[in-house]
Amino acid sequence: MRSPLTDHVYGQHASVLPPQDQTRHDGDDIDLAVRTGLYRSMREMRVFEKRAYDLFMKQLVKGTSHLSLGMEAIAAGFGQAMRRDDYTFATYRGHAHTLARGVPMTPVLAELLGRANGLLGGKGGSMHLTSVEHGMMGSYAIIGAHLTIANGAAWSAQYRGSGQVAVCFFGDGTTNIGAFHEALNYAAVYKLPVVFVCENNMYMEYTSIFDITAVERPAADRASAYGLEPVLIDGNDADEVYLAAGRALDRARAGDGPSLIEAVTYRHGGHSRADPGKYRPSEEVEAWKAYDPLDVYRDRLIRLGVSADELLAIDAEVLAAVDTATQEAIAGDLPAPESAFTDLWADGGWSWRN
Amino acid sequence: MAQLTYRDAVARGIAQEMRRDERVLLVGEDVAGAGGVFKTTVGLLDEFGPTRVVDTPISEQAILGAAMGAAMTGLRPVAEIMFSDFFAVCWDIVVNQIAKTRYMTGGQVSLPLVIKTGNGGGLRFGAQHSQSIENWAMAIPGLKVVTPSTPEDVVGLMAAAIRDDDPVIFCEHKGLYASKGEVPDGDIIDSLGTAKVRRPGRDATILSLGMMVPRALAAAEALAARGMDVEVIDVRSLVPLDTQTILGSVSRTGRLFTVEENPQLLGWGAEIASLASDECFWDLDGPIQRITTPHIPLPSADSLEDLVMPSEESIATTIEKALQS
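Here is a short report on the structure shown in this document. (Residues numbered from 1 in each chain as written. Chains lettered and ligands numbered in written order. Predicted model: local features only at pLDDT ≥ 70, side-chain atom pairs only at ≥ 80, totals over all residues. Heavy atoms only, no water.)

1. Focus: the packing of helix H2 (residues 72-81) of chain A against helix H8 (residues 238-253) of chain A
All names here are of chain A. Where H2 contacts H8, the axes come no closer than 8 Å and their chain directions differ by 45°. Of the possible angle classes, the one that applies to H2 and H8 is oblique. Regarding H2 and H8, the two cross each other, and that crossing is right-handed. When H2 is examined against H8, the residues Ala 73, Ile 74, Gly 77, Phe 78, Gln 80 and Ala 81 are found in contact with a partner set consisting of Ala 238, Val 241, Tyr 242, Ala 245, Gly 246 and Leu 249. (Axes fitted to C-alpha atoms, helices over the stretch in contact; angles between N-to-C directions. Helix = DSSP H or I, 4+ residues; strand = E, 2+ residues; numbered from the N terminus. Parallel < 35°, antiparallel > 145°, perpendicular 65-115°, else oblique. Left-handed = near helix turned anticlockwise from the far one by under 90°. Contact = heavy atoms within 4.5 Å.)

See below:
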């Protein structure tokens, strides 16, 4: 087999290019209302995250942030396919997955700005977005951990007979940490209603995933080790994601156990705010930017008869919503100092002694 | 009232709560069919069945992640980490996930779960199966930490831990599993955050935990025979900490000794010594002294392990010397 990191020097590996045919899902049986919903959802993620980036550059967003620009089709496709009471478990790259569950933009943006009207009151930040009332069970910033936690939510749903499914999103780099393998085996053994979604954007932080993984497909090639079918999908095509999500959710709800989906995608930017992403071949970056999930989808909707005016109207509504959220977030108060001392314990306080 | 072993008390406490609340589940390696490698969960599979008492693979992260995810979605799981040393392979789930999630989410997520674990030395298991890890857990905001020393306390504190809405690390001392004690009939529900005076005394306060409690009590009897009347407190709960009982006793006796099985640096006794210094320094009649295992891993040979862990003799000798100087 290939010898990673001996065939080429760092940052000069062969480009991995996107598929060429963008029309292959035009004829899929998906309701047009769902399709415009997918477009709107992706548009919200895109405009929201670009705004978050702008606010970062103005030093209003502090710390770090991990954007999913270019990866929106995965979050949108699952968001549209999931039942309202299903559970989402996301990573530190979780803005899109939070919006996908219907969490309003203002508290999400205010959380990034460290404001009192933030989703978590300013105590979690970009990497820990959570909204239990929306089924958004958290964004987890230590690689691998939340696969095991999603299993627990699935176990709970199975025990309670609620028919809920836990969906857990993670990056390609996660497939090389121990918790991934513990969680996959565990889910398979107990036939838990959980869907694992590997967002393979081809780079674990700054290094090509193909250079440091013993198999070609970091998630799909591991599936057979846990008795699962390898599922490899185009993560930039919202219809393909939506349909794959529906199949996996149905399977979980039917009691047939977990699925492991590898959705191939590409992040338009670097790993985090600190990373310009220069280790990627430029022809690869350009090819994937040309295979932008929003452009792919917009073209499809036009082909399916949706008017450009309707799409422009959606764009305008989304922009207005992001503008409103921006104003409300910036206008938010700083967290009250005493809030640093609340909610460590169930009694609301932080005391460790009498 | 019946004589019960410490190990049987663990199963009794869990069963008491599982009968009361069907949201309580038990999960861990060998906890179901085998009844636990320390036989602390015998009978639970028969009574509650395999959907509530679950054998797992050797996957400590998966076990604790499952407990966390279940707790945040309405259940009240008890998870077992067989030897507390194994926390080192799943510490991320404990420290970064379980301990912090309520705080980080602004109180949105509740984590009513118990992690029970076989803890402590004295069984000649060597350095990777003998550690006292209470101090690891005590150092993390968001974790409650208890260590019972008697069968009655095992039942009552297990019930309190399961009923608590916060995550509790429940340290069972392996060296006490075979010990016996009187346990009242009927349900027992104790309180977290309460220390117990096991032996009242006037001349000094000895704080002890887990297997160090019976050793401190034996040392106190030896000292009594030599004319020194020392009070022995079973700390039981490190977080929350019953400072009223502890510091009240120190203020009365004027002397404080801690007996800690853990290696010396940053032990729980150091934290309490610091509190005593801050809050009852002027009541002290002499220096605070900590009696601990030296700052080394526990050796396996019985002669060496006995040499380095605090013993009845070393406790009595140290205190006698201090009180007479």
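2. Concerning the interface of chain A and chain B
Taken together, the contact pairs 37 residues of chain A with 51 residues of chain B. Approximately 3800 Å² of surface area, both sides summed, lies buried where chain A meets chain B, with 62% of it carried by carbon and sulfur atoms. The three residues of chain A that bury the most area against chain B are A:Trp155, A:Tyr159 and A:Trp345, which together make up 19% of that side's buried surface. The tally of links between chain A and chain B comes to one salt bridge. (Buried area = accessible area lost by both parts, 1.4 Å probe. Salt bridge = Lys/Arg side-chain N within 4 Å of Asp/Glu carboxyl O.)

3. So, helix H4 (residues 105-112) of chain A
Residue and element names in this part refer to chain A. The buried count for H4 comes to eight of eight residues, which makes it a mostly enclosed element. Residues of H4 that are buried include every one of Met 105, Thr 106, Pro 107, Val 108, Leu 109, Ala 110, Glu 111 and Leu 112, and no others. Next to the buried residues of H4 lie helix H1 (32-57), helix H3 (95-100) and helix H11 (308-330). Residue Gly 114 follows H4 closely and has a positive phi angle near 70°. (Buried < 20%, exposed > 50% of the residue type's maximum accessible area, 1.4 Å probe, protein only.)

4. What to know about the packing of helix H5 (residues 145-160) of chain A against helix H6 (residues 178-189) of chain A
All names here are of chain A. The contact between H5 and H6 brings their axes to 7 Å, and the two run at 20°. Taken as axis vectors, H5 and H6 run roughly parallel relative to one another. Both H5 and H6 take part in a crossing whose hand is left-handed. The residues of H6 that touch H5, namely those facing Ala 145, Leu 147, Thr 148 and Asn 151, are Ala 179, Phe 180, Ala 183, Leu 184, Tyr 186 and Ala 187. In terms of residue class, the contact of H5 with H6 is built from eight nonpolar, two polar and no charged. (Nonpolar A, V, L, I, M, F, W, Y, C, P; charged D, E, K, R; others polar.)

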